[in-house]
Amino acid sequence: MTSYRIRRCLQAVPLLLGISVIVFALLQMTPGGPMAAGEGAQSQASAEQIARLRGRYGLDDPLWMQYLKWLGGILTGDWGASFNTGRPVVEVITERLPTTLLLTGLSFGLSVLLALVVGVTAAVRHRTLFDYVSTGLAFAGLAMPSFWFGLMLLFVFSYSLDWLPSSGLADLRFRHEGFAAFLDRAEHLVLPVAVLSLVSVASLTRYVRSSMLDVLGQDYIRTARGNGLPERTVVLGHGLRNASIPVVTVAVLAIPELFLGAVITETIFGLPGMGRLFVESAELRDYPVLLGILLIASVLVVSANLLADILYGRLDPRISYE
Amino acid sequence: MTATTPAGGPLLHVDDLVVGFESEGSATRAVDGVSFSVGPGEAVAVVGESGSGKSVTALAVAGLLASPPARVRRGRILFDGTDLLALDPRRRRALGGREISVIYQDAMAALNPSITVGRQIAQVVRWHTGASRTAAADRAAELLDLVGIPDPRSRLASYPHQLSGGQRQRVMIALALACEPRLLIADEPTTAMDVTVQAQITELVGRLRRELGMAVVWITHDLGVVAGLVDRVVVMYAGRVVEQAPVRDLFAAPAHPYTTGLLRSLPVLDGPQERLVPIPGGLPDPAAPLTGCPFEPRCDRRLPECSAQTPDLVPVAESHASACLRATPEGERT
Amino acid sequence: MSDRTSAAAPPPSAGPREPAARTRHGVWRRFARHRPAAAGLAALALITLAVIALPPLIGYDPEAVSLADKNLPPSAEHLMGTDELGRDLFARVLDGGRLTLSVAAAAVGFSMVVGVAVGAVAGYFGGVVDNLLMRLVDIGYSLPALFVVILLVTLVGAGFWPIVLAVAMFSWMNTARLVRAGYLSLKEQDFVEATRGIGAGHLRIAVRHLLPGTVGPTVVTATLGIATAILTESALSFLGLGFQPPQATWGGLLYEAQRPVIAMGHWWRGLFPGAMIFAVVLAANYVGDGLNDAFEPRRSRR
């Protein structure tokens, strides 16, 4: 079993290397290239200074050597400096990370919870109105652009009803303390979380329902019922327990999707997260930051896939106890 | 544990049961007026080919029919005097779960692959007796021992896929016994096995039945398997009972052409090797309405009136009844 | 590796199709019976027709500025209202629709070509070539599409072809996988041996004999690919990084609608463009679902 896990981890390495090569290639394509990325856009350099910088950045070295040096820098935390502010890219990104983590984390939790409740109920009440309606809604949710959803929600809840704020993480008018601060933060997060969760709730619900329907049709469910176990135990203890194994994999894969979705959500709601940083940097042509975030996101996708694979193997006794 | 029923009445009495299947507009009658009884501690075989309705009958008794496609249209299922069909679902489940257990053909599919066998058994024990975890685990080990699993304690932590086919079957039996049922329904449990394992399982069930005083209903298409195990046989064809008799009488003096056909198609290990004679033709279309005897098209002893008149079960000897127009107490009429 | 493209229905299963199920007549009949899919197809046809044929008919120039008519809610005269420069929104939506749909169609076209080529080569030749190409596919899946699209557009500029190519770059993988799977299974069949026996070259076999067998899943992927392409391009434009004004796709219209909707309550600015995106993506998903069932009737419908 562990040999499978080790093998999967090893498989991820060439993938990550491939990604790093592509990122490096993209870096070469940016105006100013790696040199500008290293020092920030401090233009106005004399020919002598440029020559010195070129030497310093090893830009006269063969490409593969540049790549290795760059890779080394990445692995040791030197990701260059932002064009815009001159600050290290790592710093700029980590500053924005908590917001995105908060938003994504909450959305993930909500999505999983909602998907479990609705999906299981729809499967248990197969072919009833609840089933049809929830399936229909899930299907529609997958087709709905989240930014449209966000705009409409903002119109209703922020503009018309004035129940919720339209942007930011906190009230700018005065500082709240204690519980009021918590409430304020919560108010600011309700709509963003709802918008970000839209797609993942829809797809997770479909998977949960589908997996449950599969499982509920199995013989061992009939055995459990036949042994007199109460319906709740049968559905949850036997049904959901088995159905959640494939769902866990899908849920893990939803995490990178949420990160991507955060780009849009943070933009609509003006949240200071990594996603919005990406958009801002794009507008400013701040390539070092863009590439940094791209790298993080790619690693995240690869890790999530790896984790999903490994988890599936661990959770299913038929695979883990060979 | 001995079985008790009110003053000599049967433990199970199925009375004129009719079960239909509805799907996509077509309706079929899988069970078409079946009646039989099982006394406490008695072993009865229900025999018939695939499609005869024997499994559906068994599942109906156990309350495990999937209700959207299947529907009980008529009849009563009396267990210990109580009509199971008249109970509300929860009480039915509680009663049925405790008193009636089922073992199935495919043990691998019938056991949850993600839970250890010990936990699956212990879960049932705890539900029915409220025992603590350790007590339930002990009981689970006891049950595994009872069904002949070697080293039961360490087997508690095994998953179903880690056991051999025969062991899985035994585990399934142990699971069925966990609630100390008075009636065990065995739905073709040995059909997919090789003969040695078949014999072991049949012998096990026989032993358990004697030790626990459990009634057994054994569903099969193979008369040979149950010959040494049961007291009585109920022969089904096309959803109806065509013959009922004590097992010896059935083998010695079958009173229905279908039974005769079944017996003739059994391979015999001792005695003169005769040609196996299959029964020509196939089952009637379950969706078509019934006219006359359902076996008539395939019967080699049919009379002209057999296609018009549906025979009732009539007694032909002590405890022996047959649904054939030619069967009478004096022997077959011509 | 993940084969989920963002926000579209899950991709169809791969595998050989029975010859009987592949007859064009049978497929079409099964599709027509699937009512949501048929309705979806009709809706798509209607919308496409509308964005192409209507503009000359309704007479409102999407770029006609008329400050007297600015910020009007929907009315009989302006079906979808007007924006802050008095431009008729209905005309802009139709115009935007033409742009959106052409970007999506072009992107899907490109990704189909690339996907089929990669998949066919990988599936047909197998071995090292296959391995290498599949590594490429894996990398394609691992790079987050939206980010790379944004990056590329930032690098190259927001023109029609850069955007089309950027969007296309992220949907060819599904097609490649399916086509490859189809080739892997089909090439083992006897008729391939026979064709080779009479002297047909690789190209001929790969294109004339094996390719038609992969039509089914390819069509499904293309349909779902349109949905994804629209969503990706709309997201890009919504972030202000796509086409620049006055050119605007539906996503771009939503970009312009942010302030009017949130701060001034001009709900019509956001409702209509977004509803169009929703409608087209939903219809495409239904059609894709229906096609999936039509090509593989064995799959149990839930």
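Residue positions are given per chain, counted from 1 along the sequence in the order it is written. Key to labels: chains lettered from A, ligands numbered from 1, both in the order written. For a predicted model such as this one, the threshold for reporting local features is a pLDDT of at least 70, and the threshold for listing and counting side-chain atom pairs is 80 or more; totals across whole chains, interfaces and linings nevertheless cover every residue.

A. Structural view of the overall build of chain A. Counting from the N terminus, the helices are DSSP H or I runs at least four residues long and the strands are E runs at least two residues long. When helices and strands are tallied, chain A shows 13 helices and 0 strands. Each helix (α) and strand (β) of chain A, taken in turn from the N terminus, gives the series α-α-α-α-α-α-α-α-α-α-α-α-α. Looking at the 322 residues of chain A, the share that counts as buried comes to 42%. What counts as a contact here is a pair of residues whose C-beta atoms, placed from the backbone, lie within 7 Å. Counting only contacts in chain A whose residues sit at least 6 apart along the sequence, the fraction spanning at least 24 positions is 72%. Exposure criterion: with C-beta atoms placed from backbone coordinates, a residue whose C-beta has 20 or more other C-beta atoms within 10 Å is buried, one with 12 or fewer is exposed, and one in between is partly exposed.

B. Inspection of the overall build of chain B at higher detail. Tallying secondary structure elements over chain B gives 11 helices and 14 strands in all. As a reference, a globule follows 2.2 Å times the number of residues to the power 0.38, and the radius of gyration itself is taken over C-alpha atoms. For 334 residues, the compact-globule estimate of 2.2 N^0.38 gives 20 Å, and the C-alpha radius of gyration of chain B, at 21 Å, lies within 12% of that figure. Referenced to the eigenvectors of the C-alpha coordinate spread, the extents of chain B come out at roughly 65 × 50 × 45 Å. Looking at chain B residue by residue over its 334 residues, the buried ones come to 44%. Contacts spanning at least 24 positions in sequence make up 63% of the contacts within chain B whose residues lie at least 6 apart.

C. Focus on helix α1 (residues 54-62) of chain B. Residues and elements named next belong to chain B. Counting buried residues along α1, 9 of its 9 residues qualify, which places the element largely inside the surrounding structure. Listing the buried residues of α1 in full gives K54, S55, V56, T57, A58, L59, A60, V61 and A62. Directly beyond the C-terminal end of α1, a positive phi value near 75° is found at G63.

D. Spatial organisation of the environment of W64(A). Residues and elements named next belong to chain A. Its place among the elements puts W64 in helix α4 (residues 63-75). Taking the number of C-beta atoms within 10 Å as the measure of exposure, W64 has 8 and is therefore exposed. Remark: the alpha-carbon pair of W64 and V21, spanning 43 residues in sequence, is separated by 9.9 Å.

E. Examining the interface of chain C and chain A more closely. Chain C puts 42 residues into the contact, and the matching count from chain A is 46 residues. Broken down by secondary-structure element, the contributors of at least two residues to the side of chain C that touches chain A are α4 (127-142), α5 (145-156), α10 (215-238), α11 (250-264) and α12 (267-295) of chain C. Per-element tally for the side of chain C that touches chain A: the top contributor is α12(C), with 9 residues. For this scheme, ten residues count as nonpolar: Ala, Val, Leu, Ile, Met, Phe, Trp, Tyr, Cys and Pro. Four count as charged, namely Asp, Glu, Lys and Arg, and the remainder, Gly too, count as polar. Across the side of chain C that touches chain A, the residue classes break down as 28 nonpolar, 10 polar and 4 charged.

F. Focus on the sheet that holds strand β5 (residues 82-83) of chain B. Residue and element names in this part refer to chain B. Two strands pair if DSSP finds at least two bridges between them. Strand order across the open sheet formed by 4 strands is β2-β1-β4-β5, with antiparallel pairing between neighbours. At either margin of the open sheet sits one strand with a lone partner, and together these are β2 (26-38) and β5. The pairing of strand β4 (residues 70-79) with β5 spans 2 bridges and is antiparallel. Paired with F79 across the strands is T82, a residue of β5. The axes are straight lines fitted to the C-alpha atoms, using for helices just the contacting stretch, and the angles between their N-to-C directions are given from 0 to 180°. Along the sheet, α1 contacts β1 (12-23), β2 and β4; its crossing angle with β1, the most-contacted strand, is approximately 110°.

G. Up close: the sheet that holds strand β10 (residues 240-246) of chain B. Residue and element names in this part refer to chain B. Pairing within the open sheet is mixed, and its 8 strands lie in the order β6-β7-β8-β3-β9-β10-β12-β11. Since the sheet does not close on itself, it has two edges, and those belong to β6 (100-103) and β11 (314-317), each with one partner. Between one strand and the next, the sheet's axes are offset by a mean angle of 25°, whatever the strand orientation. Judged from the 6 bridges that link them, strand β9 (residues 232-237) and β10 form a sheet pairing that is antiparallel. Bridge pairing in β10 places V235 opposite E243.

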